[in-house]
Amino acid sequence: MRILNTLFNIVAIAYTLTIALVLTAIVTESAIFTSVRTEAQVLVLYKAFAGVGAGLLLVKVVFSSLYAANLRYENHIAQLKVNDLKVELYERRQEFRSNNFRTPIAEERLEVAAV
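Note that the structure is predicted; figures quoted are calculated from it, not measured.

**Observations concerning the overall build of the chain**
Secondary structure summary: the chain contains three helices and zero strands in total. When its helices and strands are written in sequence order, the chain yields α-α-α. The buried share of the chain, taken over its 115 residues, is 11%. Of the roughly 9,400 Å² of accessible surface on the chain, a fraction of 67% belongs to carbon and sulfur atoms.

Here you go:
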């Protein structure tokens, strides 16, 4: 998902730069699109730019939402793993403590039996 989001960001930046160059008249429409010759074709081109921009914006919102949901899911899974490790550590500590408390009692019984 991260790769897809990054690729889409690159496409969006390229689109934005192209639009900025065309709108500031640094690059003419006919230099990029050879079939654009009349004012009506330029108007259709700008309408197409606006439609593509709206579509890219909509896709960007969807990708961002999916990416955020994926990050939340990965965070949740990582938190579950951390909780499992905490439980395992707690159980090992309890087992270690119970084994350490039993050892002196067993030694006392051996000493009493030896006397």
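Moving on from the coordinates now.
**Let's talk about a nonpolar patch on the surface**
Where nonpolar side chains cluster on the molecular surface, the patch consists of M1, L4, L58, V62 and L66 and spans about 450 Å² of accessible area. In terms of residue count, helix α3 (residues 39-114) provides more of the nonpolar patch than any other element does, three residues in total. Along the chain, the position of V62 falls in helix α3. A relative accessible area of 43% means that V62 is categorised as partly exposed.

**Focus on the nonpolar core**
One finds F8, Y15, I19, V22, V36, V42, L45, F49, L56 and F63 forming the largest nonpolar core, which totals 10 residues. Looking at this core, the elements that each hand over two or more residues are α1 (2-23) and α3. The residues touching Y15, leaving out its near neighbours within four places in the chain, are F49, A50, V52, G53 and L56.

**Observations regarding the pattern of salt bridges**
According to the stated counting rule, one finds one salt bridge in the structure shown. Of the charged contacts, one joins R92 and E88 as a salt bridge, the two residues approaching to 2.9 Å between their closest N and O atoms. Of this pair, R92 and E88 are both found in helix α3, four residues apart, which corresponds to roughly one turn of the helix. Classification of R92 as exposed rests on a relative accessible area of 56%.

**Comments concerning α1**
For the α-helix, the turn length of 3.6 residues means that residues three or four positions removed from each other point alike. Between its terminal C-alpha atoms α1 stretches 31 Å, which fits the 32 Å expected from 22 residues at 1.5 Å a residue. Those residues of α1 not exposed but buried are N5, F8, Y15, I19 and V22. Taken around the axis of α1, the buried residues stretch over an arc of 110°, which confines them to a single face. Away from its buried face by more than 90 degrees, α1 exposes R2, I3, I10, I13 and L17.

**Brief notes about the side chain of N5**
Considering the arrangement of structural elements, one finds N5 in helix α1. With residues near it in sequence (within four places) discarded, N5 still touches K60, F63 and Y67.

**A few points about the confidence of the model for the chain**
For the chain, per-residue confidence averages 84 on the pLDDT scale, and residues scoring 70 or more make up 86% of the total. Element-level pLDDT for the chain is lowest in helix α2 (residues 29-32), with a mean of 72, against a maximum mean of 87 in α1.

**Quick notes on the packing of aromatic side chains**
Applying the stated criterion to the full structure yields three aromatic pairs. Taking 6.4 Å as the distance between ring centres and 75° as the angle between the ring planes, the aromatic pair formed by Y15 and F49 counts as edge-to-face. With Y15 in helix α1 and F49 in helix α3, this pair connects stretches of sequence that are 34 residues apart. Members of the aromatic cluster, each reached through a chain of ring pairs, are Y15, Y46 and F49.

Parameters and conventions
Residue indices begin from 1 for each chain and proceed along its sequence in written order. The predicted origin of the model limits local features to residues at a pLDDT of at least 70 and limits the giving and counting of side-chain atom pairs to 80 or more, whereas totals for whole chains, interfaces and linings rest on all residues. The side-chain numbers reported here are obtained from all heavy atoms of the structure, hydrogens and water having been left aside. Secondary structure follows DSSP: runs of H or I at least 4 residues long count as helices, runs of E at least 2 residues long count as strands, and numbering of each begins at the N terminus. Exposure categories follow from relative accessible area, calculated using a 1.4 Å probe and restricted to protein chains: below 20% of the type maximum is buried, above 50% is exposed, and the middle band is partly exposed. Note on areas: Shrake-Rupley, 1.4 Å probe, and residue coverage restricted to the protein chains presented here. The patch calculation keeps residues exceeding 30% relative accessible area without a salt bridge and links them within 9 Å when they carry like charges or within 5 Å when they are nonpolar (Val, Leu, Ile, Met, Phe, Trp, Tyr). Any Lys or Arg side-chain nitrogen found within 4 Å of a carboxyl oxygen on Asp or Glu counts as a salt bridge. Note on terminology: a nonpolar core comprises buried Ala, Val, Leu, Ile, Met, Phe, Trp, Tyr and Cys residues joined through side-chain atoms within 4.5 Å. Contact criterion: two residues are considered in contact whenever any of their non-hydrogen atoms come within 4.5 Å of each other. One less than the residue count of a helix, multiplied by 1.5 Å, gives the span that helix is expected to have. Here the arc refers to the set of directions running from the helix axis out to each C-beta atom. The predictor attaches a confidence to each residue, and that confidence, scored 0 to 100, is pLDDT. In this scheme Phe, Tyr and Trp rings, the latter by its six-membered ring, pair at centre separations within 6.5 Å, and the angle between planes marks the pair as stacked below 30 degrees, edge-to-face above 60, and tilted otherwise.

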